[in-house]
Amino acid sequence: MATHSLAPSLNRLLFAVKYASFQSRRCAVHNNHLHYSTIYNASEKTFDKILIANRGEIACRVIKTCKKMGIKTVAVHSDVDSSAVHVKMADEAVCVGPAPTNKSYLNMDAIMDAIRATGAQAVHPGYGFLSENKEFAKRLAAEGVAFIGPDTHAIQAMGDKIESKLIAKAAKVNTIPGFDGVVKTSEEAVKIAQEIGYPVMIKASAGGGGKGMRIAWNDEETREGFRFSSQEAASSFGDDRLLIEKFIDNPRHIEIQVLADKHGNALWLNERECSIQRRNQKVVEEAPSTFLDSETRRAMGEQAVQLAKAVQYSSAGTVEFLVDSKKNFYFLEMNTRLQVEHPITECITGLDLVEQMIRVAKGYQLRHKQEDVPINGWAFESRVYAEDPYKSFGLPSIGRLSQYQEPLNLSNVRVDSGIQEGSDISIYYDPMISKLVTYGATRAEALAKMEEALDNYVIRGVTHNIPLLREIITHPRFISGDITTNFLPEVYPDGFKGHQLKGDKRRELLASAAALYITAQLRSQKVLGNQRLSSVPVECSCWTLCVELGKGHHEVEVTKSGDVYTVEVDGAKVEVSGQWNLASPLLPLTINGTQRMLQCLSRDASGEIVLQYLGTSFKVRVLSKLAAKLNSYMPEKIPEDTSSILRSPMPGTVVAVSVKPGDTVAEGQEICVIEAMKMQNSMTAVRQAKVKSVHCKPGETVGEGDLLVELE
């Protein structure tokens with residue numbers, strides 16, 4: 001039985017007091033032209049109470065609009081989420097089970113109990129979890145509770161990729177060539193793939209969010225893709241049916257936002273460019289697209305509306321297309337829910353999509369006509385994840401946010417998040433930290449603001465993907481709009497390595513580290529702001545230091561005049577000035593006349609300083625001349641031989657172990673499978689060898705770096 005707190009708990013009350021100014025500051029930017037406008041009409045009766053069947057940032061996002069509309073909210077949560085932000089923001093909260101999603105956020109019985117206990121009149125499902133589950137929508141209807149989304153017919157028709165493709169064809173929507181039935185075995189998959197012609201896309205019929213999707217270029221990859229896709233589909237959606245279609249190489253992924261009511265009215269709210277992806281999951285989105293002209297935009301929008309009307313769609317939804325280099329576009333799928341990247345559409349149209357969904361669910365007609373839908377300015381969204389971008393462009397990271405500061409002090413910045421300082425990022429849920437959104441009158445303006453916002457975003461305690469996000473948005477190809485879904489593997493064929501320092505940028509980092517080191521040394525000579533007493537007065541304004549970066553050793557000369565340091569490094573002089581507040585996580589500096597925002601991630605007594613510079617973390621060591629000389633006598637640590645061991649690259653659960661002690665494995669052969677955040681990852685041997693010992697078994701939870709298998 002769900003545990004229900006009828007009145008706000010003490011924790012929720014304390015949160016409201018502590019973060020009152022924070023929340024008002026966040027909401028204030030939503031009231032101007034920058035983002036969207038929630039129009040609350042007291043005479044337009046909607047619902048008294050809405051339950052949000054979700055968690056994290058999307059639950060917080062829905063609660064904000066409900067508050068503006070005068071609607072009370074109910075949060076559901078697992079036991080590990082009892083102190084989550086969405087729980088504290090809501091008027092009421094109900095625990096629906098333990099941490100695993102199938103026992104909490106996918107537990108329909110517990111959620112239905114919560115609805116009855118709280119008297120909620122409607123449910124907003126957010127995205128993921130039960131948002132596209134027709135059985136859940138049916139159960140709500142049977143209880144007389146409104147589902148803030150489309151009806152069960154549309155969910156079923158569009159949620160099944162096989163049926164949706166047939167409906168799209170009948171509605172005269174462009175579709176991708178492929179097999180229209182269900183693929184039952186791996187050998188049948190190979191046969192169909194050969195008939196279609198490689199490459200092919202294997203994907204879950206009931207899937208979405210990049211889960212249960214694999215690209216195959218040959219028969220072996222088809223067999224492997226069939227196995228992994230069916231397992232991921234069963235784990236994520238409870239439905240392991242698969243389909244196969246032609247994979248369009250080097251496409252753009254462009255989607256159309258649609259909005260429809262129960263009276264036959266439907267609109268398309270322009271497009272979103274979602275081509276920057278890793279593992280079929282979006283990383284950076286923008287609206288509008290640089291690629292579409294008005295004619296193509298209108299054609300895609302009209303086909304999206306045709307499809308929505310074909311299934312009598314009512315609510316906000318998204319029709320996704322693949323677009324080739326000649327602007328031919330093909331239907332991919334329709335998501336019958338609010339999309340993760342909806343904020344950028346709100347930015348350029350001024351519409352609150354959550355409000356529109358609530359109005360439609362209550363039976364109101366749309367307020368707007370197609371000609372009323374504008375494109376005002378440009379918006380970007382960066383998905384900030386607790387991931388290690390140096391591992392396959394992002395493998396999950398877990399931990400506690402020891403320090404967290406969103407860049408909301410900047411204008412034209414919006415952050416949709418469901419966490420705060422002290423929140424835990426666990427293995428049970430999606431590793432998203434937030435959606436960072438920036439807006440500008442032009443694309444260049446919005447892009448510059450995104451760069452500034454990423455530099456000002458403080459995240460400590462977990463590994464995050466800000467280094468990758470910043471490199472993407474500052475890359476010449478991205479700036480010019482020359483992007484496809486293959487952007488990441490093409491730009492980083494050997495994997496992401498962080499920002500590559502050259503020339504002036506390297507000298508800027510070295511000079512900043514040297515100036516920071518001297519600042520810290522000078523501060524240590526003071527007590528309560530006053531100079532320590534010394535038997536011999538020491539007045540120094542010139543220092544010789546050794547700065548180590550990677551394998552490079554640089555002797556630098558530092559002089560100080562006021563707050564300005566002049567650092568001579570590699571034969572060039574660099575001027576560095578700033579406020580030098582060593583207690584602040586942000587370090588705003590002016591380097592040779594250019595303003596830079598650095599972050600000092602750590603400093604220690606050995607002179608090691610970790611600086612976040614141009615988005616990437618660099619480990620620098622600053623030593624006095626004497627210390628550097630003595631350090632040269634220290635023995636070097638011998639790195640671990642990783643060719644004979646296999647460690648887990650991420651926290652997760654062992655799904656399968658394919659070897660046992662004594663087995664001989666070939667290079668590239670699968671050893672085990674780790675599931676993290678519902679994505680399955682095959683761990684393979686780096687060389688041919690005999691298995692010495694196995695340290696894991698199916699069902700076990702492993703941490704990042706845990707030993708899995710030893711080879712001889």
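Only a predicted model underlies this, so the values are computations on that prediction, with no experimental measurement involved. (Residues numbered from 1 in each chain as written. Predicted model: local features only at pLDDT ≥ 70, side-chain atom pairs only at ≥ 80, totals over all residues. Heavy atoms only, no water.)

Engineer: Help me out: how do you make sense of the overall build of the protein in this one?
Structural biologist: Scanning the protein from N- to C-terminus turns up 19 helices and 43 strands. Relative to the 2.2 N^0.38 estimate, which gives 27 Å for 712 residues, the radius of gyration of the protein is 27 Å and therefore close to what a compact globule would have. Referenced to the eigenvectors of the C-alpha coordinate spread, the extents of the protein come out at roughly 85 × 70 × 55 Å. With 712 residues in all, the protein has 56% of them scored as buried. Relative to all contacts within the protein whose residues are 6 or more apart in sequence, the contacts with residues 24 or more apart total 65%. For the protein, the exposed surface amounts to about 29700 Å²; the carbon and sulfur share of it is 50%. Between the centroid of the 82 positive side chains of the protein and the centroid of its 86 negative side chains there is a distance of 3 Å. (Helix = DSSP H or I, 4+ residues; strand = E, 2+ residues; numbered from the N terminus. Rg over C-alpha atoms; globule rule 2.2 N^0.38 Å. Buried < 20%, exposed > 50% of the residue type's maximum accessible area, 1.4 Å probe, protein only. Contact = heavy atoms within 4.5 Å. Areas by Shrake-Rupley, 256 points an atom, 1.4 Å probe, with all protein chains shown as cover. Lys, Arg positive; Asp, Glu negative; His and termini not counted. Charge placed at Lys NZ, Arg CZ, Asp CG, Glu CD.)

Engineer: What exactly am I supposed to notice about the sheet that holds strand β35 (residues 616-624) here?
Structural biologist: Backbone-to-backbone hydrogen bonds pair the strands of a sheet. The strands run either parallel or antiparallel. Here eight strands make up a closed barrel; going around it, the order is β28-β29-β30-β31-β32-β33-β34-β35 and the pairing antiparallel. With direction set aside, neighbouring strand axes in the sheet form an average angle of 35°. In this structure, strand β32 (residues 586-591) lies alongside strand β33 (residues 594-603), joined through six bridges in antiparallel fashion. Within β33, the position partnered with Leu 586 by the bridge is Gln 599. (Pairing = 2+ DSSP bridges. Axes fitted to C-alpha atoms, helices over the stretch in contact; angles between N-to-C directions.)

Engineer: Would you explain the pairing of strand β15 (residues 329-335) in this entry?
Structural biologist: Where a strand is regular, its side chains alternate between the two sheet faces. Burial analysis of β15 places six of its seven residues in the buried class, which makes it a mostly covered element. Across six bridges, strand β14 (residues 315-323) lies against β15 in antiparallel orientation. Note on β15: the bridge partner recorded for Glu 320 is Glu 333. Adjacent in sequence and paired antiparallel, β14 and β15 are bridged by five residues, among which Lys 327 carries a positive phi angle near 70°.

Engineer: What is the right way to read a nonpolar patch on the surface from this model?
Structural biologist: Side chains of Leu 626, Leu 630 and Tyr 633 sit close together on the surface and give an oily, nonpolar patch of about 390 Å² of accessible area. By secondary structure assignment, the location of Leu 626 is in helix α19 (residues 625-631). (Patch = residues over 30% accessible without salt bridge, like charges linked within 9 Å, V, L, I, M, F, W, Y side chains within 5 Å. Salt bridge = Lys/Arg side-chain N within 4 Å of Asp/Glu carboxyl O.)

Engineer: Whenever I open this one, the environment of Glu 341 confuses me. Can you help?
Structural biologist: By the secondary structure assignment, Glu 341 is in the loop between β15 and α12 (342-349). Separated by 40 residues in the primary sequence, Glu 341 and Glu 381 have C-alpha atoms spaced 7.0 Å apart. Those residues within four positions of Glu 341 in sequence are excluded, and the remaining contacts are Glu 255, Arg 272, Cys 274, Lys 282, Glu 285, Glu 381 and Arg 383.

Engineer: Quick question: what am I supposed to make of the sheet that holds strand β43 (residues 707-711) here?
Structural biologist: Spatially, the four strands line up as an open sheet ordered β36-β43-β41-β38, and their pairing is antiparallel. If you trace the sheet from one side to the other, it starts and ends with β36 (645-647) and β38 (664-665), each paired once. The sheet contact formed by strand β41 (residues 689-694) and β43 spans three bridges and is antiparallel. Along β43, the bridge assignment pairs Ser 693 with Glu 710.

Engineer: Would you mind going over helix α15 (residues 466-474) with me for this structure?
Structural biologist: In an α-helix there are 3.6 residues to a turn, and that puts residues three or four apart on one side. With eight of nine residues buried, α15 is to be regarded as a mostly interior element. Those residues of α15 that fall on the buried side of the exposure criterion are Ile 466, Pro 467, Leu 468, Leu 469, Arg 470, Glu 471, Ile 472 and Ile 473.

Engineer: Explain empty space enclosed by the protein here, please?
Structural biologist: Gaps left between atoms are located by rolling a probe of water-molecule size over the structure's atoms. Enumeration over the complete set of coordinates arrives at four cavities of 30 Å³ or more. Taken as a whole, the largest cavity holds about 120 Å³ of empty space. For the lining of the largest cavity, the secondary structure elements donating two or more residues are β19 (395-396) and β40 (679-684). Across the lining of the largest cavity, the residue classes tally to eight nonpolar, two polar and five charged. By volume, the second largest cavity amounts to about 50 Å³. (1 Å grid on protein atoms, 1.4 Å probe; cavity = no way out; pocket = protein on both sides within 12 Å on 5 of 7 lines; lining within 4 Å. Points joined across faces, edges and corners; volume = space filled by probe spheres on them. Nonpolar A, V, L, I, M, F, W, Y, C, P; charged D, E, K, R; others polar.)

Engineer: Quick question: what am I supposed to make of the nonpolar core here?
Structural biologist: Most often, soluble globular proteins have nonpolar side chains that are buried together. One finds Ile 433, Leu 436, Tyr 457, Ile 459, Ile 472 and Phe 478 to be the most contacted residues of the largest nonpolar core, which totals 38 residues. The residues contacting Ile 433, other than those within four sequence positions of it, are Val 384, Tyr 385, Ala 386, Tyr 404, Ser 417, Gly 418, Ile 419, Ile 425, Tyr 457, Ile 459, Val 462 and His 464. (Core = buried A, V, L, I, M, F, W, Y, C linked by side-chain atoms within 4.5 Å.)

Engineer: What should I look at first to understand the packing of helix α7 (residues 152-159) against helix α8 (residues 161-170) in this one?
Structural biologist: Think of two packed helices as two axes; the pair is described by the angle between the axes and how far apart they sit. It is at 5 Å that the axes of α7 and α8 come closest, and there the two elements cross at 95°. In this view, α7 runs roughly perpendicular relative to α8, as classed from their interaxial angle. Residue-level inspection shows Gln 156, Ala 157, Met 158 and Gly 159 of α7 in contact with α8, the latter providing Lys 161, Glu 163, Ser 164 and Ile 167. Along the lines of polarity and charge, the residues of the contact of α7 with α8 split into three nonpolar, three polar and two charged. (Parallel < 35°, antiparallel > 145°, perpendicular 65-115°, else oblique.)

Engineer: Teacher, can you tell me more about the pattern of salt bridges here?
Structural biologist: A side chain with one charge can pair with a side chain of the opposite charge if their charged atoms come near. Counting across every chain of the model gives 44 salt bridges. A salt bridge links Glu 92 to Lys 49; the nearest nitrogen and oxygen atoms lie 2.6 Å apart. Of this pair, Glu 92 sits in strand β5 (residues 92-97) while Lys 49 sits in strand β3 (residues 49-52); the two residues are 43 residues apart in sequence, bridging distant segments of the chain. Under the relative-accessibility criterion, Glu 92 is labelled buried at 8%. The structure contains a network of salt bridges with shared partners spanning Glu 255, Arg 272, Lys 282, Glu 285, Glu 320, Glu 341, Glu 381 and Arg 383.

Engineer: Any chance you could explain the pairing of strand β30 (residues 564-569) here in plain terms?
Structural biologist: With burial as the criterion, only one face of β30 is covered, namely that bearing Tyr 565, Val 567 and Val 569; the residues Val 564, Thr 566 and Glu 568 on the opposite face remain uncovered. Linking strand β29 (residues 552-561) to β30, which pair antiparallel, is a turn of two residues; within it Gly 562 sits at a positive phi near 70°. Remark: two residues form the turn of the hairpin made by β30 and strand β31 (residues 572-578), two consecutive strands paired antiparallel; Asp 570 in that turn has positive phi of roughly 50°.

Engineer: What exactly am I supposed to notice about the environment of Asp 151 here?
Structural biologist: Counting through the fold element by element, Asp 151 comes out in the loop between β7 (146-147) and α7. Accessibility expressed as a relative area gives 35% for Asp 151, which makes it partly exposed. Counting along the chain gives 14 residues from Asp 151 to Ala 137, while the straight-line C-alpha distance between them is 7.3 Å. Only 3.0 Å separates the side chain of Asp 151 from the backbone nitrogen of Ala 154, close enough to count as a polar contact. (Polar contact = N/O pair within 3.5 Å; in protein donor to acceptor, adjacent residues only side chain to side chain.)

Engineer: Please clarify how the environment of Arg 223 should be interpreted in this entry.
Structural biologist: Within the element layout of this structure, Arg 223 appears in helix α10 (residues 219-237). When its relative accessible area of 29% is taken as the criterion, Arg 223 is described as partly exposed. With 66 residues separating them along the chain, Arg 223 and Ala 157 place their C-alpha atoms 28 Å apart. If sequence neighbours within four positions are ignored, Arg 223 has contacts with Ser 186, Glu 187 and Val 190. Polar side-chain contacts of Arg 223 include one of 2.8 Å to the side chain of Glu 187.

Engineer: Could you clarify how one ought to interpret the packing of aromatic side chains in this entry?
Structural biologist: Geometry of an aromatic ring pair is reported as the spacing of the ring centres plus the angle between the planes. Scanning the entire structure with this criterion turns up 12 aromatic pairs. Between Phe 380 and Phe 478, the ring centres sit 6.0 Å apart and the planes meet at 45°, which makes this aromatic pair tilted. Of the two residues, Phe 380 sits in strand β17 (residues 378-385) while Phe 478 sits in helix α16 (residues 476-480), which places them 98 residues apart along the sequence. Each of the two residues, Phe 380 as well as Phe 478, counts as buried. Centroid distance Tyr 565 to Trp 580: 5.4 Å. Interplanar angle 85°. Geometry classified as edge-to-face. Of this pair, Tyr 565 sits in strand β30 while Trp 580 sits in the loop between β31 and β32, and the two are 15 residues apart along the sequence. For the pair formed by Tyr 565 and Trp 580, the shared burial category is buried. Grouping aromatic residues by their ring pairs yields a cluster made of Tyr 105, Phe 129, Tyr 428 and Tyr 429. (Phe/Tyr/Trp six-rings, centres within 6.5 Å; stacked < 30°, edge-to-face > 60°.)

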